[in-house]
Amino acid sequence: MHLLKDRGFVHPIASEITPRAVYAQRRRLVQGLMAGAALGALPTLPAQAQPARPGKLAALPGGRSAVAGASTMDKVTPYTDVTGYNNFYEFGTDKSDPARNAGRLKTRPWTVAIEGEVKKPGNWDLESLLKLSPMEERIYRLRCVEGWSMVVPWVGYSLAELMRRVEPTGNAKFVQFVTLTDKAQMPGLASASLEWPYVEALRLDEAMHPLTLLAFGLYGEVLPNQNGAPLRLVAPWKYGFKSGKSIVKIRFVEKQPKTSWETAIPSEYGFYSNVNPKVDHPRWSQATERRIGEDGLFAKKRPTLVFNGYEPQVGQLYAGMDLKKFY
Ligand SMILES: Nc1nc2c(c(=O)[nH]1)N[C@H]1C(S)=C(S)[C@@H](COP(=O)(O)O)O[C@H]1N2
Ligand SMILES: [Mo]
């Protein structure tokens, strides 16, 4: 792994990204070796090709969404991949760390503080947030800046629903999302891979866009902890890192806030972070992507779409902006 500057970890360069199938196989091999060692037997591969479906979580179905672009026809990524291959650095930087370490995260009681430039600041408990608006299912592509993507059936509602209730003032130009930092529950916080808390932000109009989802579930169930329980953001036209997990605070501000990735490596991660195949990451191309679940050794990469394919819906938000400058 390439280490950058004084930080312990950054996204790997593209050539280092292990295809999912190879990674899964390697992991099974390691597990097999460990099991074999424990039993004092010869190492054998477990018979199951896929890990067993973990215990069902509480049901959280969503109705069909009427929001334009909210349901891609792309084949959804298997549940085991969506919940077993994650970025959630608070639980470790390996893709398998969140699934392994996030189980202990306590997601009730949970409150989200609404602060800053709003007429109605205050604390919202999870139960009130769950009841705020009818749940919808949104099938979104999620593309990580590392070059992989998935298709996830999220459950939630537009962030705009909450924003309308708290009434941003005329001074609110940006919305900042602050996520949980709890050393007792999050082993990854011990490493200085990023500055904690993990913070992200959107421009007010981006946050108000109907595609911007406050997600509480996936696959018809409440969010697994590794995917950002009990609530996370999903902005489908931006790289995955813009979508903060396990949000505890939403702050409305006048000035463009710094985000965790920008603070860590400003030359590589800008504020906007719109999916843009024409703007290379300084260390690798962003022109193609590997779709998780179809990435056998011989699977072809897919061309990455401008705004992750959501250009008809969000393109006008950036009319007249130089997207090479505002990357
Ligand atoms: N709090 C927090 N949110 C986070 C991250 C993180 O490390 N911490 N990683 C981001 C990145 S880089 C990606 S690609 C997505 C991954 O979401 P998923 O694991 O649900 O696919 O979460 C984003 N949200
Ligand atoms: Mo990411």
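Going by the structure above, here's the rest.
Residues numbered from 1 in each chain as written. Chains lettered and ligands numbered in written order. Predicted model: local features only at pLDDT ≥ 70, side-chain atom pairs only at ≥ 80, totals over all residues. Heavy atoms only, no water.

Chemist: Summarise the overall build of the chain; cite the residues concerned and give the values.
Modeler: Within the chain, the secondary structure is distributed over eight helices and 13 strands. Partitioning the intrachain contacts of the chain with sequence separation of at least 6 by distance along the chain shows that 72% fall at a separation of at least 24. Taken as a whole, the chain presents about 14,800 Å² of accessible surface, with 58% of it coming from carbon and sulfur. (Helix = DSSP H or I, 4+ residues; strand = E, 2+ residues; numbered from the N terminus. Contact = heavy atoms within 4.5 Å. Areas by Shrake-Rupley, 256 points an atom, 1.4 Å probe, with all protein chains shown as cover.)

Chemist: Could you give me a rundown of empty space enclosed by the protein, with the residues and numbers involved?
Modeler: In the structure shown here, the tally under the stated rule is two cavities of 30 Å³ or more. As a volume, the largest cavity reaches approximately 320 Å³. Residue lining of the largest cavity: 24 residues in total, with N87, F88, R232, G240 and K245 positioned closest to the centre. The class makeup of the residues in the lining of the largest cavity is 13 nonpolar, eight polar and three charged. (1 Å grid on protein atoms, 1.4 Å probe; cavity = no way out; pocket = protein on both sides within 12 Å on 5 of 7 lines; lining within 4 Å. Points joined across faces, edges and corners; volume = space filled by probe spheres on them. Nonpolar A, V, L, I, M, F, W, Y, C, P; charged D, E, K, R; others polar.)

Chemist: Outline the pattern of salt bridges, listing residues and values.
Modeler: For side chains of opposite charge, pairing can occur when their charged atoms come near one another. A full pass over the atoms with the stated rule returns 18 salt bridges. Among the salt bridges present, the one from D74 reaches R141, with a minimum N-O distance of 3.4 Å. Taken as a pair, D74 in the loop between strand 1 (63-64) and helix 2 (79-82) and R141 in strand 4 (residues 136-143) lie far apart in primary sequence, 67 residues in all. A residue is classified by how much of its surface remains accessible, and R141, at 11% relative accessible area, is buried. Among the ionic pairs, E115 bridges to R251, the shortest N-O distance being 3.2 Å. Taken together, the residues E115 in strand 2 (residues 111-116) and R251 in strand 11 (residues 247-253) connect sequence positions 136 residues apart. Take E115: its relative accessible area is 28%, and that puts it in the partly exposed class. What you see here is one network of salt bridges that share partners, running through D74, R141, R143, E289 and R291. (Salt bridge = Lys/Arg side-chain N within 4 Å of Asp/Glu carboxyl O. Buried < 20%, exposed > 50% of the residue type's maximum accessible area, 1.4 Å probe, protein only.)

Chemist: Could you give an account of helix 5 (residues 159-166), naming the residues involved and the relevant values?
Modeler: L159, A160, L162, M163 and V166 are the residues of helix 5 that are buried. For helix 5, the angular spread of the buried residues around the axis is 160°, confining them to a single face. Phi turns positive one or two residues past the end of helix 5, at E167, with a value near 55°. (Arc of directions from axis to C-beta.)

Chemist: Lay out the side chain of T212 with the relevant residues and their values.
Modeler: Along the chain, T212 falls in the loop between helix 6 (204-208) and strand 8 (213-218). In this structure T212 touches Y157, S158, L159, L202, E206, A207, L233, V234 and W237, once residues within four positions along its chain are discounted.

Chemist: I'd love a proper account of the nonpolar core, names of residues and values included.
Modeler: If you look at the biggest cluster of nonpolar residues, it comprises 44 residues, and the most contacted ones within it are Y140, W154, L211, W237 and W261. Listing elements by their share of this core, those giving two or more residues are helix 2, strand 4, strand 5 (148-158), strand 8 and helix 7 (260-264). Sorting elements by how many residues they give to this core places strand 5 first, with four residues. Residues in contact with W237, not counting those within four places in the same chain, are E206, H209, L211, T212, N274, V275, F307, N308, Y310, V314, L317 and Y318. (Core = buried A, V, L, I, M, F, W, Y, C linked by side-chain atoms within 4.5 Å.)

Chemist: Requested: an account of the sheet that holds strand 3 (residues 122-125), with residues and values cited.
Modeler: Read across the sheet, five strands follow the order 3-2-11-6-7 without closing on themselves; strand pairing throughout is mixed. Two strands in the sheet have a free side with no partner beyond their single neighbour: strand 3 and strand 7 (199-203). On average, adjacent strands in this sheet sit at an angle of 20° to one another, irrespective of strand direction. The pairing of strand 6 (residues 174-179) with strand 7 spans five bridges and is classified as antiparallel. Directly across from V175, in strand 7, lies its bridge partner L202. (Pairing = 2+ DSSP bridges. Axes fitted to C-alpha atoms, helices over the stretch in contact; angles between N-to-C directions.)

Chemist: Please set out the pairing of strand 3 residue by residue, giving values where relevant.
Modeler: Two elements, strand 2 and strand 3, share four bridges in a ladder whose sense is antiparallel. Along strand 3, the bridge assignment pairs T111 with D125. The turn linking strand 2 back onto strand 3 is made up of five residues.

Chemist: Could you give me a rundown of the site of ligand 1, with the residues and numbers involved?
Modeler: Neighbouring residues of ligand 1: 18 residues in total, closest N86, Y89, E90, S243 and K245. Separating a nitrogen atom of ligand 1 from a side-chain N or O atom of E90 is a distance of 2.8 Å. Contact distances for ligand 1 include 3.0 Å between an oxygen atom and a side-chain N or O atom of N227. Relative to its free-state accessible area of 530 Å², ligand 1 is covered by the protein chains to the extent of 100%. Counting atoms within 2 Å of the grid points, the majority share of ligand 1 lands in the largest cavity. (Near = heavy atom within 4 Å. Polar contact = N/O pair within 3.5 Å; in protein donor to acceptor, adjacent residues only side chain to side chain. Sits in = over half its atoms within 2 Å of the grid points.)

Chemist: Hey, could you go over the packing of aromatic side chains for me, with residue numbers and the actual values?
Modeler: Evaluated as defined, the whole model comprises 15 aromatic pairs. Seen from their ring centres, Y79 and Y219 are 5.4 Å apart, and the 80° between their planes marks the pair as edge-to-face. Taken together, the positions of Y79 in helix 2 and Y219 in the loop between strand 8 and strand 9 (221-222) put the pair 140 residues apart, joining distant regions of the chain. Note on Y219: relative accessible area 27%, which makes it partly exposed. Ring pairs connect the aromatic residues F174, F271, Y272, F307, Y318 and F326, which therefore count as one cluster. Over the aromatic face of Y85 sits the side chain of K95, whose NZ or CZ is 5.9 Å from the ring centroid. The residue whose ring lies beneath K242 is F271, and the NZ or CZ to ring-centre distance is 4.4 Å. (Phe/Tyr/Trp six-rings, centres within 6.5 Å; stacked < 30°, edge-to-face > 60°. Lys NZ or Arg CZ within 6 Å of the ring centre and 35° of its normal.)

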